[in-house]
Structures are given as structure tokens and as C-alpha cells.
Amino acid sequence: MVEMARLDIVQGDFWPCLERRLAWEGVADETVVATVREILKAIRCRGDEALLEYTQRFDGLEIARAPELEIPISRLQAALVGISREQREALQVAAERITAYHRHQKQESWSYTEPDGTLLGQQVRPLDRVGLYVPGGKAAYPSSVLMNALPAKVAGVSELIMVVPTPKGEMNDLVLGAAAIAGVDRVFTVGGAQAVAALAFGTESVPRVDKIVGPGNMYVATAKSMVFGQVGIDMIAGPSEILVLCDGRTEPEWIAMDLFSQAEHDETAQAILLSPDGAFLDEVTEAIARLLPTLERHEVIANSLRSRGILIKVEDLDQALEVINFIAPEHLELSVEDPQALASRVRHAGAIFMGRYTAEAIGDYCAGPNHVLPTSRTARFSSPLGVYDFQKRSSLIQCSPQGSQTLGRVASVLARGEGLTAHARSAEYRLKG
Ligand SMILES: NC(=O)c1ccc[n+]([C@@H]2O[C@H](COP(=O)([O-])OP(=O)(O)OC[C@H]3O[C@@H](n4cnc5c(N)ncnc54)[C@H](O)[C@@H]3O)[C@@H](O)[C@H]2O)c1
Ligand SMILES: N[C@H](CO)Cc1c[nH]c[nH+]1
Ligand SMILES: [Zn+2]
């Protein structure tokens, strides 16, 4: 029997109780921060030597020489041929749908010319080399290979470097096959904070990249946040979360399984159910008790629900929206009669799954939108991984001789106001008379 925390919005301490249960500190504690700091320092100072040590310590991978951490491209192709036809076709269908969706996101360069001939614009360019983190500690994620790599391909990134932990040296052929389909350039069997550090600083074997993207556990998420600045990062995509809002009229077993689907990722994953119907919360609780023993990963699920799961009773859908926007969940399922009307009032969520027939799991694999999404309430300011994460922009400015007169005068006045006379004179040199 799993006892999930139960909150009612009418209780006086509802909001502080909710905030405590959501807290990121509850997941990434000081010990994790200290461990990650030490790993980053070691990789920065000792490169491959430290990378081999940590890979052995945390993943049980016994490798004598760092170059052996790289998987040859021929091995990726062999994995693709070796998996079943059904699996290969499923990967291909998913890849096509993900690519088609992401093509809509591609930004193009633009410019316009003012009446005096001055040209202004923005030049959009792909990044040169990116690092793709594919998680692999407690489960293998071929879907995350596709979600990371395909938007980068659409953007036109020149070089894709993938890292993935292979616990005890076990390589997952679906992961390698997905890398072949997505056209990843190089793959290294490293994970955790040490992989993030290797990509950020470079080692003798792992090339340094311009940006690191992809989801991972608290060690990965903490490492990414610490190397930001040295390299770009996409967002904090940590342990998975799901928030289901149900009006009480969906099969309780469907909802229980949707909660399990994210809880099974990790003990630190978070599953929350919100409903204005208290009896429905009881029915889902019963369904959870019935279904949980039937699942392979029941221990992980039970631990996740016990430590981080929440059942919340609200008075109505307006209150539900208030709670949703406060939580800013990674995945939001709206299992209600008119989901589109409600979705238009959601301000913060990584992805919104609308209607009783839209299982969040579909989005994890093949709907098309990216499954790398902001977690830990960062959907307040972050977006799903997308083509835009692999593009950057340069401003374009070309003054016409006439434009340099008008703009030069404005700049000169403002520069002198700031006391920066070299700026002022630089603009004034171009002024006629
Ligand atoms: N937000 C998203 O978009 C998204 C998508 C997919 C998966 N996820 C999440 O990614 C996570 C994947 O986690 P995972 O563990 O399976 O794989 P992972 O690859 O993220 O982490 C495994 C690595 O963690 C490191 N590690 C483990 N224990 C450690 C310790 N005690 N000290 C130092 N390092 C340690 C090891 O280096 C290991 O290689 C899950 O939480 C899942 O929910 C999120
Ligand atoms: N739910 C994860 C994102 O939080 C993605 C995933 C991959 N495989 C299964 N699920
Ligand atoms: Zn999932």
C-alpha cells in the first residue's frame, strides 16, 4: 500500500505545504552539490584520467584506456541492423514525426532597409558543436537520443557529440540504433556529472562543445547548472514530473497508470493528481493499490509516490488553474471535458496534453514535440528543447551615408551624456559639416 500525501486547498497551510513538497532542494541537496563540484574540478584538472576513474566508480565500467570510451560509428550501424524490424520501424516513425514537428521551429535570418538606406537585421546561424546528454543510469532512453539530436540536425549543427552512461558496460542497441538514425557524429560511454564536465572543458578524448543539452538525474542537472557560462546549456531538465488535472470522469485506472508512467523513471520523479472530486481521488488511490504490484518497476514507483507524490483536492477548475500555474509542471495532462478552453488559461507548463485520450506517454516517444522539458518549476521561464536551442543570432547593422548623419548625431549626444567621448567622436567623424 502506498500512502501518497493528500492536500486540500481549503486547509490553512495548503500553499506552504505544497511548496515544501515541490522543493528542488528536496531533490538536489547539498551533498549532491558538493559531489558534483569535486567531479567538475577533477575532470578540469586531470581530464581523461579522472573521467576513467569516475566512470569506473559510478557506472562499474572497467576500461583501461580513455579512447576506448568512444563507440565506433560502425557499431551504431550494426546495432541498427541488429534490432528487430518492429523496433527499427518504430524508431523511424518517431524520428520522422519529431523531425516534421521541429521543422516548424526553424528560425530564418531577416533584415529590413530604412528609407535612408540603412539596413538592419538578424543573421541566424547553427551552433558548431553540441553535446547531447542521453540518460542511462536507471533506464535506457533511445527516445531521448532522437529528441536531443533531431532538432540539432534541423538547425544544421555541424557536429553532434553524444554521451550516455553504460552501467557495467552494457550497451543498449536501441540507443545506438537511434544514434545511427539521427546521424550523431561521435558517441562516448560516459555519464553523470563527469560526462557534463568532459563536454564543458574537453579532455584528451572528449571534445569540448559549445552547448550541452539533454535531460538527466540530479547529478547531471546540477552539473549543467554549474558549467553554464563556460558553455551554453538548454535548461534544467531533471527528474520527470507529471501533473494530471481530472474532473473525475476519466477511468481511474487510466489516471493511475499515467501517474505511474512518470514515477517509474526515478525515485525522485514527481506525480501529482488534482481534482475537484474527492471521491475520484479515493478511486484513483484504490486503482494505484490494485495496479502497482503488476508493474515491473513497482519499487521505484512506490518510492517516488511515497516521497514526492501528491493528491490535491480543489474546489473547482479555476482553483485548479491557480495551482497548476504555481507548480509550472513539466507535463500537464488536462483530462477534462473542454481541455482547449482550459489550456488557453495555462501560463506555465512544459507540455500540455489535452483530453482523456492523450496519454502523456505518447508525447514521450512519438507525438512529435520534444520530451526534453523544463522541470522543478522552471517552466515559469524555460521552454521545451527545440531547434531554437541550436541556433544563435547575430545582429546586422549597415548605415547608409545618410543614415550615419542622423544616427551619428543621436549617438554623439548620448555618448557625451555618458561621458564616453571616444564613442562620441567616433560617431562624429562620419558627420558631414
Ligand atoms: N526532463 C526531461 O526532459 C527528462 C527526459 C528523460 C529522462 N528524464 C529524467 O532523467 C533521469 C535519468 O536518470 P538516470 O539515473 O536513469 O540516468 P542519468 O544518466 O541521468 O544518471 C546516471 C549517472 O548518474 C551518476 N550518479 C549516480 N549516482 C551517483 C552518485 N551517488 N554520485 C555521483 N554520481 C552519481 C552516474 O555518473 C551515472 O552515470 C530521470 O530522473 C528521468 O526522470 C528527464
Ligand atoms: N518522460 C520523460 C521526460 O520527462 C521522457 C521519456 C523518455 N522515455 C520515457 N519517457
Ligand atoms: Zn517518461
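Remember, predicted model here, so these are calculated numbers, not experimental data. (Residues numbered from 1 in each chain as written. Chains lettered and ligands numbered in written order. Predicted model: local features only at pLDDT ≥ 70, side-chain atom pairs only at ≥ 80, totals over all residues. Heavy atoms only, no water.)

### Observations concerning empty space enclosed by the protein
Empty space among the atoms can be located by rolling a probe the size of a water molecule over them. In the structure shown here, the tally under the stated rule is three cavities of 30 Å³ or more. When its volume is computed, the largest cavity comes out at roughly 70 Å³. Taken together, Leu 22, Glu 241, Ile 242, Leu 243, Gln 270, Ile 272, Arg 308, Ile 327, Pro 329, Ser 376 and Arg 377 make up the full set of residues lining the largest cavity. When residues of the lining of the largest cavity are traced back to their parent elements, those giving at least two are strand S10 (241-246) and strand S11 (270-275). The element that contributes the greatest number of residues to the lining of the largest cavity is S10, accounting for three residues. Taken together, the residues of the lining of the largest cavity sort by class into six nonpolar, two polar and three charged. (1 Å grid on protein atoms, 1.4 Å probe; cavity = no way out; pocket = protein on both sides within 12 Å on 5 of 7 lines; lining within 4 Å. Points joined across faces, edges and corners; volume = space filled by probe spheres on them. Helix = DSSP H or I, 4+ residues; strand = E, 2+ residues; numbered from the N terminus. Nonpolar A, V, L, I, M, F, W, Y, C, P; charged D, E, K, R; others polar.)

### A word on the domain arrangement of the protein
Interfaces are often sized by the accessible area lost when the parts come together. Partitioning the protein into domains gives domain 1 (5-24 + 238-367), domain 2 (28-116 + 126-233) and domain 3 (399-429). Summarising the inter-unit geometry, the C-alpha centres of domain 1 and domain 2 are found 29 Å apart. Tallying the contact residues gives 12 residues for domain 1 and 13 residues for domain 2. One can count two salt bridges joining domain 1 with domain 2. (Domains from an automatic or database assignment. Contact = heavy atoms within 4.5 Å. Salt bridge = Lys/Arg side-chain N within 4 Å of Asp/Glu carboxyl O.)

### Notes on the coordination of the zinc ion (ligand 3)
At 2.1 to 2.2 Å from the zinc ion (ligand 3) lie its protein donor atoms, namely His 265 (NE2) and Asp 364 (OD). What the four donor atoms of the zinc ion (ligand 3) show is an angle range of 86 to 178° at the metal, which sorts the shape as irregular. Pair noted here: His 265 is in the loop between helix H9 (252-263) and S11 and Asp 364 is in helix H14 (residues 360-365), with a separation of 99 residues, a long-range link. Taken individually, His 265 and Asp 364 each receive the classification buried, so the pair is uniform in this respect. (Donors = N, O, S within 2.8 Å, 3.2 Å for Na, K, Ca; no water. Tetrahedral: all angles 85-135°; square planar, octahedral: opposite > 155°, others 65-115°. Buried < 20%, exposed > 50% of the residue type's maximum accessible area, 1.4 Å probe, protein only.)

### Quick word on the site of ligand 1
In the vicinity of ligand 1 lie 29 residues, with Asp 59, Tyr 133, Lys 138, Asn 217 and Asp 266 positioned nearest. Residue Tyr 133 places a side-chain N or O atom 2.7 Å away from an oxygen atom belonging to ligand 1. Between ligand 1 and the protein, one listed contact pairs an oxygen atom with a backbone N or O atom of His 371 at 2.9 Å. Within the complex, the protein chains bury 89% of what would otherwise be the 870 Å² of accessible surface of ligand 1. A molecule is said to occupy a pocket when more than half its atoms come within 2 Å of that pocket's grid points, and by this definition ligand 1 occupies the largest pocket. The class makeup of the residues in the shell around ligand 1 is 13 nonpolar, 12 polar and four charged. (Near = heavy atom within 4 Å. Polar contact = N/O pair within 3.5 Å; in protein donor to acceptor, adjacent residues only side chain to side chain. Areas by Shrake-Rupley, 256 points an atom, 1.4 Å probe, with all protein chains shown as cover. Sits in = over half its atoms within 2 Å of the grid points.)

### With respect to the packing of helix H7 (residues 192-201) against helix H8 (residues 218-227)
As a packed pair, H7 and H8 sit with axes 7 Å apart at the nearest point and diverge in direction by 25°. Taken together, the axis directions place H7 and H8 in an arrangement best described as roughly parallel. Remark: the crossing between H7 and H8 carries right-handed chirality. Here Gly 192, Ala 193, Val 196, Ala 200 and Phe 201 of H7 lie close against H8, whose contacting residues are Tyr 219, Val 220, Ala 223, Lys 224 and Val 227. Within the contact of H7 with H8, the residues separate by chemical class into eight nonpolar, one polar and one charged. (Axes fitted to C-alpha atoms, helices over the stretch in contact; angles between N-to-C directions. Parallel < 35°, antiparallel > 145°, perpendicular 65-115°, else oblique. Left-handed = near helix turned anticlockwise from the far one by under 90°.)

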